[in-house]
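So the chains spell out like this:
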Amino acid sequence: MTQANATQEQEKTRALVVEDETLIRLDIVETLEDAGYEVVGEGSDGEQAVKLAAELEPDVVIMDVKMPGMDGITAAGQILDNQRTAIVMLTAYSQKELVDSARDAGAMAYVVKPFTAADLLPAIEIAVSRNEEIAALESEVSSLSEQFETRKRVDRAKGLLESHMGLTEPEAFRWIQKTSMDRRLTMREVADAVIEQVGRSK
């Protein structure tokens, strides 16, 4: 994929950046805009993150864990209680407990400071892709237990498609989603077929 195509694909991805260190926030905004994202808002603490997310309804929130007042993990939990959005956490601390807390709050990805564009952009892409995936699965399956089981099978099928067909994680999900629509099957049925056929040929 060319850079121009990648940029076109990301043009509609709306981002909210919340970081209390101004220079880091400006750097993130510049990185996102250079990559074709639309930065719809900026904030510097957890309260602003919750307020701006509700007002702007971004596709992804890039947010620091440690901020004055409400921290990023608490803010992430409050945002996700009210809306579906991808959340990427930024942290200067790589302790496992913090990462676990961020994941438990609903963060889709995290990036440890100091980071480069090469660290940040793939994490955002993965978070947005996973968020879209969860939304698609939720619309297909109503019960939480079914959603969990379907996600497990889709994740396994994605892994097989990545290793056997050389697809990226987003490409593997799109393949499952497209096959499901083309053949009028549920994504779980497609995932089961991939596991049965591709898994058996290992």
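1. A word on empty space enclosed by the protein
- This structure, assessed with the given rule, holds one cavity of 30 Å³ or more.
- For the largest cavity, the full set of lining residues is V65, M89, T91, Y93, L98, V99, A102 and Y110.
- Put simply, the parts of the chain that give the lining of the largest cavity at least two residues each are β4 (86–91) and α5 (96–105).
- When residues in the lining of the largest cavity are grouped by element, the largest group, three residues, is from α5.
- A per-class count over the lining of the largest cavity returns seven nonpolar, one polar and no charged.

2. Quick word on the pairing of strand β2 (residues 38–43)
- Relative to β2, strand β1 (residues 14–18) runs parallel, the two sharing five bridges. Looking at the pairing, V17 lines up with E42 of β2.
- Chirality of the crossover, the property in question, places the unit of β1, helix α2 (residues 22–34) and β2 among those that are right-handed.

3. Brief notes about the layout of surface pockets
- Each pocket or cavity is described by its volume, and for the second largest pocket that value is around 450 Å³.
- Considering the residues around the second largest pocket, the lining is formed by 18 residues, among which R103, A107, M108, R130 and R151 are closest to the centre.
- When residues of the lining of the second largest pocket are traced back to their parent elements, those giving at least two are α5, β5 (109–112), α6 (117–140) and α7 (144–165).
- The leading source of residues in the lining of the second largest pocket is α6, at four residues.

4. Digging into the confidence of the model for the protein chain
- Here the protein chain shows a mean pLDDT of 85. Residues at 70 or above account for 91%.
- Per-element confidence in the protein chain is highest for β1, whose mean pLDDT is 96, and lowest for helix α1 (residues 3–10), whose mean pLDDT is 45.
- In this model residues 1–10 is a low-confidence stretch, pLDDT under 50, and it forms eight contacts with partners more than four residues away in sequence or in other chains.

5. Here we look at the nonpolar core
- Ranked by internal contacts, the top residues of the largest apolar core, which has 23 residues, are I28, L32, V60, I62, V88, L120 and I124.
- For this core, the secondary-structure elements that each account for two or more residues are β1, α2, β3 (60–64), β4, β5 and α6.
- Here this core gets six residues from one element, more than from any other, and that element is α6.
- Counting 21 residues, the second largest nonpolar core, distinct from the first, contains L16, V18, A76 and A102.

6. Here's the deal with the pattern of salt bridges
- Here the structure, examined in full by the defined rule, presents 11 salt bridges.
- The partner of R153 in a salt bridge is E149, and the shortest N-O contact between them spans 3.0 Å. On the criterion of helical spacing, the pair formed by R153 and E149 is a turn pair, its members being four residues apart in helix α7.
- Exposure remark for R153: the relative accessible area of 25% places this residue in the partly exposed category.
- D155 is the partner of K158 in a salt bridge, and the nearest nitrogen-oxygen pair spans 3.3 Å. On the criterion of helical spacing, the pair formed by K158 and D155 is a turn pair, its members being three residues apart in helix α7.
- The exposure class of K158 is buried, given its relative accessible area of 3%.

Reading guide: rules and limits
- Residues numbered from 1 in each chain as written.
- Predicted model: local features only at pLDDT ≥ 70, side-chain atom pairs only at ≥ 80, totals over all residues.
- Heavy atoms only, no water.
- 1 Å grid on protein atoms, 1.4 Å probe; cavity = no way out; pocket = protein on both sides within 12 Å on 5 of 7 lines; lining within 4 Å.
- Points joined across faces, edges and corners; volume = space filled by probe spheres on them.
- Helix = DSSP H or I, 4+ residues; strand = E, 2+ residues; numbered from the N terminus.
- Nonpolar A, V, L, I, M, F, W, Y, C, P; charged D, E, K, R; others polar.
- Pairing = 2+ DSSP bridges.
- Right-handed = clockwise from strand over helix to strand, strands pointing away.
- pLDDT = per-residue confidence, 0-100.
- Contact = heavy atoms within 4.5 Å.
- Core = buried A, V, L, I, M, F, W, Y, C linked by side-chain atoms within 4.5 Å.
- Buried < 20%, exposed > 50% of the residue type's maximum accessible area, 1.4 Å probe, protein only.
- Salt bridge = Lys/Arg side-chain N within 4 Å of Asp/Glu carboxyl O.

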